[in-house]
Amino acid sequence: MLASLVHILPLTTIVRERLLPVSGRVTARLNQKVGPTDVVAEAAWAREHILIDVAGALRLPIPAADRLLRCKVGDELPASAEVAVGAGLFPKSVRTPKDGRVIAAGGGQVLLETGETSLQLRAGLPGNVIEVIPNRGVVIKTAGALIQGVWGNGRIDTGVLVNLAEKADGVLAPSRLDETMRGQIILGGLCKDAETLQTASEIGVRGLILSSLFPSLLPLAARMRFPIVVTDGFGSLPMNSAAYRLLSTNAKRDVTLNAEAYDRYTGARPEVIIPLPITSEPALPREVEAYAPGQTVRMRRPPSMGAIGTIVLLRPGLTLLTSGLRAPAADVRMETGETVIVPLVNLEVVG
Amino acid sequence: MPVSLIEGDSLLAVDIGAATTRAVLFDVVEGQYRFVAAGHSLSTAEAPFKDVIEGVRNAITHLQNVTGRAFLDTDRDLVIPSQPNGAGVDAFVATLSAGPTLKAVTVGLLADVSLESARRLTETIYARVVDSIGLTDHRRPDEVIDGLLALRPDVVVVTGGTDGGASRSIQKMLEPIGLASYLMPAEKRPAVLYAGNQKMEEEVKSLLGTLTSSLHFSPNVRPSLETEDLDPAARELARLFIEVRKRQIKGVDTVAAWASGHILPTGYASGRMMRYLSRVFGSAKGILSVDIGASATLVAAGFKGKSTLGVYPQFGLGENLPGLLNHTTLENILRWSPLDISVGVLRDYLYQKALYPSTIPGTREDQAISQAVARECLHLAIQSARRDFPANAASLNPRQLPLFDPILAGGGALSDAPTPGHSLLLLLDALQPVGVTTVILDQNNLLPILGAAAGRNSLLPVQVVGSGAFISVGTVVSPLVRTAYGAQILRARLIYEDGTEARMDLKFGALELLPLPSPQNARLILQPTGHADVGFGPGRSGEVTATGGALGVVFDGRGRPLDLPSDAVRRRELIKKWYWTVGG
């Protein structure tokens, strides 16, 4: 049976495609070395559109109004510029309400685009540009530790990792945060109050790595200007031991948080990347795997949600579970030494 | 009865769900079409595969292992038609519900006429209406353009105008849609279904023809103000949905090619099957089908040939679960739980389950939450669907659910429940049927597949439905009455085929069973007390034929609407007692 996978790896090659949502201009060059917050592509589009009803304003049939148009597609017009002038002794003119660019003219109407919204696409990870996708973005490669999370607030930043989570089930309280942490990335535990997020914001941290977050805090966390990566889920979950071990042993290193929103269809996930020096290129993470004995797995449902274990046996056929359901299942040895029976669909292979 | 032109052929069907892909084989056994076996696999529409074909091939491979027959060749392509060596199948069909919920914009003239038709139409696919544009919309056209650019709809459904009626207003509303599409990158443009005034078809083509990802036309859903006919437009919208999915998800085009175009949205296929069944088996009562899945909760109903279909992604048990709280409260969900669970635990569950839609409950507490959430989703879905049931549908009381017989139920939450009793109680709590009805479980989730198969072989669905592929849970008697708790409301005599009898006195508030195993039938004589009504009129007695099933005859004397005690401890004890009654 195909397994769900989450990457928590001490050393791997990381290749990420970074694409604009719309066509734009790629600013990075092939083989360029980029930092996570470097802009690699940008796009701009109109903030708003103005439809000028020329035929209506001049009270003319559409073909007649079209003949009176004084602008064409592509024209940059200032505010109050004439787009059409009527006929007669005292001709009525139709003017632009704001400055803008004509993007359509005809059918008795003129469509202007005004203002500009721009988007800058950042690299999201430190590495080398190995491919440029014209008008869309780049592919970047790096090597290091990789920890994938389950929720991110869409921000990207980099900084030195400070470990405030003395254990995997620690709680990040506002009292643990102080001015010395400005510009740093905090490895916290679970976050259960708004004050913690607000304090982190006031101090000016560069990012938060949390084991879990109370769902009621999601709107606030989404608004924070610094990246937040949640590793395990919602509520009061400890950090899975694989992620905690890897992160806590890398304290004081530079880490990058790409808190990209989890998208099950594109495969985008929030990630913590710890760039590491290498002598030879490590293997890429496996993307497809079937469940098998010996695999390290994380539980995705109670009991022991978030806990790490090892598959010791794939049970044949269907197994009766405590919930009363029957499903394909495995015997999983937990880190405590206890062996539990878990339906395969509730397991995620860590690797 | 229509006879298929390809009678005798084997048929392989796949259903590509959000969490699971299933492959189902039908073949002729002793002169009749039968459900032979099913294989399944995880769906692969999501990363890392981003290609449904892998899940389809894996499900078919599982089916090969189960049946010992080969359906795929060495390149893992479908062998069709079947070969002299027995490999392959003669026909292939597919249903699809995987993929993100589509964003839809509805366009019409009057809010309570054509826009309502557009809303009903949109509810036949896996879509969420993100904006509506109508005559009462006071936004400027450029505001509509900017709104559409921000929303980036996948689908625009245009209705409005009786045939030969208003055209200028519709044209005015279509202009901003055309302009917004023009401003979008070609690959992001919406697909458009036009189901309005037929006289405008050429104008619509000239306004939108080159500016949409695909432009579809169907007969007017409102040919006159008094008439609504959604069926042809729903059929075209189903086609449009598949076209959109072909662009969004890799592999859908391959499956569509294997199926020679016989691929339908799962919800639409269920609706088609209900239409079909209501024509074949329809009585004065309607027939109802519900399906609670990860993508959506479906409610399809047939009333003497007229049918309704509601696909509600907002009440699905997967990635949309956190949004459920826009429609209900945590307390409302927890009222269905037999265990003491805090609102915090439930809130965490909704968000965590949304992360991992394919996971299943591993503990009793997790199962209790899961079943409570499923009840609330189905309850909300049936309330939404009821708005569109015909006003003249047979009912005991217009405030209650119309009379349905049978009720078919499927989807993960029901077919995977620990016992048929769990499934039945979930259905009774959420739907609250009245009168006498047979409840049938679609444990293999065959209904939509049969709906898709009907397009290839009209004989197959009829024979499979009659072949025992569905599990009868039993006959449910639900008197409509409101009286004091513990007061007698019904006397029942069940006379078995061998002449023996069982009797039961039903009290208000109680849930009782009389055994009647499948496939037996029995005479059921019902004598309501006072004003209780089981379908013969208040206080009137009558006799029906009870169909046997896993639970026999179930008497639900809990009243309609089901009034759960406000005291949490008492309520949980009562729910536990009901679970105990239906088998634990």
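Caption draft 1: Seen up close, the sheet that holds strand S5 (residues 39–45) of chain A. Residues and elements named next belong to chain A. Spatially, S3-S5-S12 is the arrangement adopted by the three strands of the open sheet, whose pairing is antiparallel. Each edge of the sheet is formed by a strand with only one pairing partner; in this case those strands are strand S3 (25–26) and strand S12 (117–122). Note that S5 and S12 share six bridges and pair antiparallel. From the neighbouring strand, Val39 faces S12, where its bridge partner is Arg122.

Caption draft 2: The arrangement of the interface of chain A and chain B in detail. Each partner contributes to the interface: chain A provides 46 residues, whereas chain B provides 47 residues. Summed over both sides, the interface of chain A with chain B buries roughly 4000 Å², with 60% coming from carbon and sulfur. Three residues stand out in chain A for area buried against chain B, namely Arg264(A), Tyr265(A) and Arg301(A), and they jointly supply 22% of the buried area on that side. Taken together, the links from chain A to chain B amount to three salt bridges. A salt bridge links Glu46(B) to Arg264(A), with the nearest nitrogen and oxygen atoms 3.8 Å apart. At the boundary of chain A with chain B, the tally comes to 16 residue pairs in polar contact (both at pLDDT 80 or more). Those elements giving two or more residues to the side of chain A that touches chain B turn out to be strand S6 (48–53), strand S10 (100–106), strand S11 (109–114) and strand S20 (228–234) of chain A. Looking at the side of chain A that touches chain B element by element, the count peaks at five residues for S6(A). Split by residue class, the side of chain A that touches chain B holds 25 nonpolar, 12 polar and nine charged.

Caption draft 3: Examining the pairing of S5(A) more closely. With two bridges connecting them, S3(A) and S5(A) associate as antiparallel partners. If you follow Val26(A) over to S5(A), its bridge partner there is Ala41(A).

Caption draft 4: Fine view of the sheet that holds strand S7 (residues 76–77) of chain A. Pairing is antiparallel across the open sheet formed by four strands, whose spatial order is S6-S11-S10-S7 (chain A). Only two strands of the sheet have a single partner each, and these edge strands are S6 and S7 of chain A. Pairing of S7(A) with S10(A), which is carried by two bridges, proceeds in the antiparallel orientation. Paired with Glu76(A) across the bridge in S10(A) is Arg101(A). The strands touched by helix H3 (residues 141–151) of chain B are S6 and S11 of chain A; relative to S6(A), the strand with the most contacts, the crossing angle is about 150°. With respect to the sheet, helix H4 (residues 168–183) of chain B is in contact with S6, S10 and S11 of chain A, its orientation differing from that of S10(A) by roughly 125°.

Caption draft 5: Focus on the pattern of salt bridges. Applying the stated criterion to the full structure yields 52 salt bridges over all chains. Across the pair Glu289(A) and Arg286(A) runs a salt bridge, and its minimum N-O distance is 2.3 Å. The buried category is assigned to Glu289(A), whose relative accessible area is 14%. Across the pair Glu228(B) and Arg222(B) runs a salt bridge whose closest N-O atoms are separated by 3.8 Å. A relative accessible area of 12% places Arg222(B) in the buried class. Overlapping salt bridges bring together Glu116(B), Arg119(B), Arg120(B), Glu123(B), Arg222(B), Glu228(B), Arg387(B) and Asp388(B) as one network.

Caption draft 6: Representation of the pairing of S11(A) within the structure. All names here are of chain A. The buried count for S11 comes to six of six residues, which makes it a mostly enclosed element. Covered by surrounding structure in S11 are Gln109, Leu111 and Glu113 together with Val110, Leu112 and Thr114, the residues of both alternating faces. Looking at chain direction, S10 and S11 are connected through five bridges and run antiparallel. Each bridged residue has a counterpart across the sheet, and for Arg101 the counterpart in S11 is Glu113.

Caption draft 7: H4(B), seen in detail. The end-to-end C-alpha distance of H4(B) is 23 Å, a good match for the 22 Å that 16 residues give at a rise of 1.5 Å each. Within H4(B), the full set of buried residues consists of Ile170(B), Gln171(B), Met173(B), Leu174(B), Glu175(B), Pro176(B), Ile177(B), Gly178(B), Leu179(B), Ala180(B) and Ser181(B).

Caption draft 8: Structural detail: unusual backbone geometry. Omega for the bond connecting Pro302(A) with Pro303(A) falls within 30 degrees of zero, at -5°, which places this linkage in the cis form. In this fold, Pro303(A) is placed in the loop between strand S23 (296–299) and strand S24 (308–314). Phi is positive for Ser304(A), which is not a glycine, with a value near 60°. By secondary structure assignment, the location of Ser304(A) is in the loop between S23 and S24. One non-glycine residue, Ser260(B), adopts positive backbone phi at about 50°.

Caption draft 9: Spatial organisation of the packing of H3(B) against H4(B). All names here are of chain B. Put simply, H3 and H4 touch, their axes get as near as 9 Å, and they point 45° apart. When the axis of H3 is compared with that of H4, the two are oblique. As H3 packs across H4, the resulting crossing turns out to be right-handed. Across from Pro141, Val144, Ile145, Leu148 and Leu149 in H3, the residues of H4 making contact are Pro176, Ile177, Leu179, Ala180 and Leu183.

Caption draft 10: How the structure looks around the packing of H4(B) against helix H5 (residues 201–208) of chain B. Residues and elements named next belong to chain B. Interaxial distance between H4 and H5 falls to 9 Å at its minimum, and their mutual angle equals 25°. Viewed along their axes, H4 and H5 adopt a mutual orientation that is roughly parallel. In the crossing of H4 with H5, the sense of the turn from one axis to the other is right-handed. For the pair H4 and H5, contact is made by Gln171, Leu174, Glu175, Ile177 and Gly178 and by Glu203, Val204, Leu207 and Leu208, respectively. When the residues that make up the contact of H4 with H5 are grouped by side-chain class, the tally is five nonpolar, two polar and two charged.

Caption draft 11: Local environment of the packing of aromatic side chains. Residue and element names in this part refer to chain B. All told, the structure shown has nine aromatic pairs over all chains when counted by the stated rule. Ring geometry for Phe303 versus Phe404: centroids 5.5 Å apart, planes at 50°, classification tilted. Of this pair, Phe303 sits in strand S12 (residues 297–303) while Phe404 sits in strand S14 (residues 404–410), placing them 101 residues apart in sequence. One exposure class covers both Phe303 and Phe404, and it is buried. These aromatic residues form a ring-pair network of at least three members: Phe303, Phe389 and Phe404. One cation-aromatic arrangement involves Lys205 over Phe217; the distance from NZ or CZ to the ring centre is 5.5 Å.

Caption draft 12: The confidence of the model for chain B, seen in detail. All names here are of chain B. Confidence along chain B averages 93 in pLDDT terms, with 98% of residues attaining 70 or more. With pLDDT under 50 throughout, residues 1–6 is counted as low confidence; its partners more than four residues away or in other chains account for 12 contacts. Scored by ipTM, the complex comes to 0.91, with pTM at 0.93.

Caption draft 13: Geometry of the environment of Ala28(A). Residue and element names in this part refer to chain A. Mapping Ala28 onto the fold places it in the loop between S3 and strand S4 (33–34). Among the residues examined, Ala28 registers a relative accessible area of 7% and is labelled buried. Once residues lying within four places of it in the same chain are set aside, the contact partners of Ala28 are Val40, Val129, Val132 and Val138.

Caption draft 14: Spotlight on helix H2 (residues 114–122) of chain B. All names here are of chain B. Among the nine residues of H2, eight are classified as buried, and the element is accordingly described as predominantly covered. Where H2 is concerned, the buried positions are Ser114, Leu115, Ser117, Ala118, Arg119, Arg120, Leu121 and Thr122. Where H2 is buried, its residues touch strand S5 (102–107), strand S6 (127–133), strand S7 (155–158), strand S8 (191–194) and helix H6 (231–248).

Conventions adopted
- Residues numbered from 1 in each chain as written.
- Chains lettered and ligands numbered in written order.
- Predicted model: local features only at pLDDT ≥ 70, side-chain atom pairs only at ≥ 80, totals over all residues.
- Heavy atoms only, no water.
- Pairing = 2+ DSSP bridges.
- Helix = DSSP H or I, 4+ residues; strand = E, 2+ residues; numbered from the N terminus.
- Contact = heavy atoms within 4.5 Å.
- Buried area = accessible area lost by both parts, 1.4 Å probe.
- Salt bridge = Lys/Arg side-chain N within 4 Å of Asp/Glu carboxyl O.
- Polar contact = N/O pair within 3.5 Å; in protein donor to acceptor, adjacent residues only side chain to side chain.
- Nonpolar A, V, L, I, M, F, W, Y, C, P; charged D, E, K, R; others polar.
- Axes fitted to C-alpha atoms, helices over the stretch in contact; angles between N-to-C directions.
- Buried < 20%, exposed > 50% of the residue type's maximum accessible area, 1.4 Å probe, protein only.
- Expected span 1.5 Å × (residues − 1).
- Parallel < 35°, antiparallel > 145°, perpendicular 65-115°, else oblique.
- Left-handed = near helix turned anticlockwise from the far one by under 90°.
- Phe/Tyr/Trp six-rings, centres within 6.5 Å; stacked < 30°, edge-to-face > 60°.
- Lys NZ or Arg CZ within 6 Å of the ring centre and 35° of its normal.
- pLDDT = per-residue confidence, 0-100.

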